Amino acid sequence: MIYYFSGTGNSLHVARHLADALGERLCPMQGISGFPFEGEEEALVGLVFPVYAWGIPNVVESFAKHLLSHSPEREPRKASYLYAVMTCGDDMGYADRILEAALGRKLDAAFSVLMPNVYVCLPGFDVDSKEVCKKKLRQEETRVEEIAGCIRERRQVRMLTRGSFPRTKTYVLRPLFNRFLVTDKYFRVDASRCISCGRCSKMCPVGNILITPLQGDRELPQWQSHCTGCLACYHACPYHAINFGSATQGKGQYNLLALREQS
Ligand SMILES: Cc1cc2nc3c(=O)[nH]c(=O)nc-3n(C[C@H](O)[C@H](O)[C@H](O)COP(=O)(O)O)c2cc1C
C-alpha cells in the first residue's frame, strides 16, 4: 500500500508512477477512517508526500503518529518494509528524521525526488520557469524507476538531497516556519477577480475552505483555520484572485496538469 499526501499534485504524480511500477495500491493519508491494514501485518508500506520547510507537512506528521501506534485492544501495526518518498523543489534537510520521530521507528528506505517548486510565500521564492519544470518532470520518471528498483529488492538505502546546513534548516528554521507561516490567516481574496467558481475549495486537500456569502450575496472563499500550508488554493485559482498577504502578488502559479498537456 502507498499512502500519499499531495497539495498541488507533484507527490500524487510520483505516487501514481510508483504504484504502477510496483503494482501497489494508493490511499490518501488525509480523511481516511481506520487504517486498511489494521490488525494485520502489511509487507510493503510506502509514504509519499512533499517536503515542507525541510520537514514534513503537519497532516503527514499526524498520520505517521497513528500509522504504527497501538492501542490496548490492538496489536501494534507492523510493516515489514517501510519506505518514504519525499518530493521537494530543492532540498529536504532532515525531513526523513522528522518522519521517523513521528512514526516511532526507522525507515527501511528513504528517497527524495526533485519536482517543480510550489513555495512562493516568502521574498525570493517563486515557481520554477517552464523549462526547469519540464526538466524536473522528465528526470522524475527515471528517478521513480530507480526508486522502484530499490524497493523491489528491499534495499536498506537513503537516496536523499539534504542540501546545505540541513541541521540548521530542519531544527532551527523549520520550527519558526511552522510557528509563524503555517497559517491561513494571511490569505486574501481579490473580490474583483474571484468568480466564486469554488475551485480553491475543491482542490484543498484538507477541506479547509468554505465558499460562503460574504459581501452582499457574493460567495467568496473562507479559510477555516486548519490549513496545512500546501498552497493548493493559491495555485489552483484560475484568476490569481488568492494571495498570501502581499508576498505572492505578481508571483507565478504552478499547474501540473496544464504543464503535462503542453509537453
Ligand atoms: C509550505 C511549503 C514548504 C516547502 N518547503 C520546501 C523545502 O523545505 N524544501 C524544498 O525543496 N521544497 C519545499 N517546498 C516545495 C515542495 O516540497 C515541492 O514543490 C513539492 O513537490 C510539492 O508537492 P505537492 O505538489 O505534492 O504538494 C515547500 C512547499 C510548500 C507549500
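Here the structure is a predicted model, which means the values were calculated and not measured.

Caption draft 1: How the structure looks around empty space enclosed by the protein. Going through the model one piece at a time under the given rule, you end up with two cavities of 30 Å³ or more. Every residue lining the largest cavity is counted, 14 residues in all, and those nearest its centre are C194, C197, G198, C200 and C237. The class makeup of the residues in the lining of the largest cavity is eleven nonpolar, two polar and one charged. Lining the second largest cavity are C204, V206, N208, I209, W223, C227, T228, G229, C230, L231, A232 and C233.

Caption draft 2: Molecular detail of the side chain of T183. Position of T183 relative to the elements: it lies in the loop between helix 5 (166-181) and strand 7 (187-189). The class of T183 is buried, set by a relative accessible area of 17%. Among the polar contacts listed, one links the side chain of T183 to the backbone nitrogen of K185, at a separation of 3.0 Å. Not counting residues up to four positions away in its chain, the partners in contact with T183 are C227 and F244.

Caption draft 3: Spotlight on the site of the ligand. In the region of the ligand, 24 residues are neighbours, and S6, T8, S11, V51 and D90 sit closest. Contact distances for the ligand include 2.5 Å between an oxygen atom and a side-chain N or O atom of T8. At 3.1 Å from an oxygen atom of the ligand is found a main-chain nitrogen or oxygen belonging to G89. When the ligand sits alone it has 650 Å² of accessible area, and the protein chains cover 96% of it. Judged by the proximity of its atoms to the pocket grid, the ligand belongs to the largest pocket. Where the shell around the ligand is concerned, the elements lending two or more residues are helix 1 (10-22) and strand 4 (78-88).

Caption draft 4: A look at the environment of M115. Relative to the helices and strands, M115 is located in the loop between strand 5 (109-114) and helix 4 (130-152). A residue is classified by how much of its surface remains accessible, and M115, at 0% relative accessible area, is buried. Remark: the alpha-carbon pair of M115 and P50, spanning 65 residues in sequence, is separated by 9.3 Å. Discounting chain neighbours no more than four positions away, the residues touching M115 are N10, H13, V14, T87, C88, G89, D128, K136, L137 and E140.

Caption draft 5: Just the pattern of salt bridges, in detail. This structure, assessed with the given rule, holds eleven salt bridges. One salt bridge in this structure joins R162 and D96, with 2.8 Å as the shortest N-O distance. Of this pair, R162 sits in the loop between strand 6 (157-159) and helix 5 while D96 sits in helix 3 (residues 95-103), placing them 66 residues apart in sequence. Here R158 and E100 are joined by a salt bridge, their closest N and O atoms 2.8 Å apart. Of the two residues, R158 sits in strand 6 while E100 sits in helix 3, which places them 58 residues apart along the sequence. Salt bridges linked by common partners bring D96, E100, K106, R158 and R162 together as one network.

Caption draft 6: Just the packing of aromatic side chains, in detail. Under the counting rule described, the total for this entry stands at eight aromatic pairs. Among the aromatic residues, ring-to-ring pairing joins Y186, F187, W223 and F244 into one connected group. Stacked on the ring of Y81, the Lys or Arg R154 has its end atom at 5.6 Å from the ring centre.

Caption draft 7: A look at the pairing of strand 5. By the criterion of burial, strand 5 is predominantly enclosed, with five of the six residues buried. Taken together, the three bridges between strand 5 and strand 6 define a ladder with parallel strand orientation. Of the residues in strand 6, the one forming a bridge with A110 is R158. With helix 4 bridging strand 5 and its parallel neighbour strand 6, the resulting β-α-β unit is left-handed.

Conventions and cut-offs
Residues numbered from 1 in each chain as written. Predicted model: local features only at pLDDT ≥ 70, side-chain atom pairs only at ≥ 80, totals over all residues. Heavy atoms only, no water. 1 Å grid on protein atoms, 1.4 Å probe; cavity = no way out; pocket = protein on both sides within 12 Å on 5 of 7 lines; lining within 4 Å. Points joined across faces, edges and corners; volume = space filled by probe spheres on them. Nonpolar A, V, L, I, M, F, W, Y, C, P; charged D, E, K, R; others polar. Helix = DSSP H or I, 4+ residues; strand = E, 2+ residues; numbered from the N terminus. Buried < 20%, exposed > 50% of the residue type's maximum accessible area, 1.4 Å probe, protein only. Polar contact = N/O pair within 3.5 Å; in protein donor to acceptor, adjacent residues only side chain to side chain. Contact = heavy atoms within 4.5 Å. Near = heavy atom within 4 Å. Areas by Shrake-Rupley, 256 points an atom, 1.4 Å probe, with all protein chains shown as cover. Sits in = over half its atoms within 2 Å of the grid points. Salt bridge = Lys/Arg side-chain N within 4 Å of Asp/Glu carboxyl O. Phe/Tyr/Trp six-rings, centres within 6.5 Å; stacked < 30°, edge-to-face > 60°. Lys NZ or Arg CZ within 6 Å of the ring centre and 35° of its normal. Pairing = 2+ DSSP bridges. Right-handed = clockwise from strand over helix to strand, strands pointing away.

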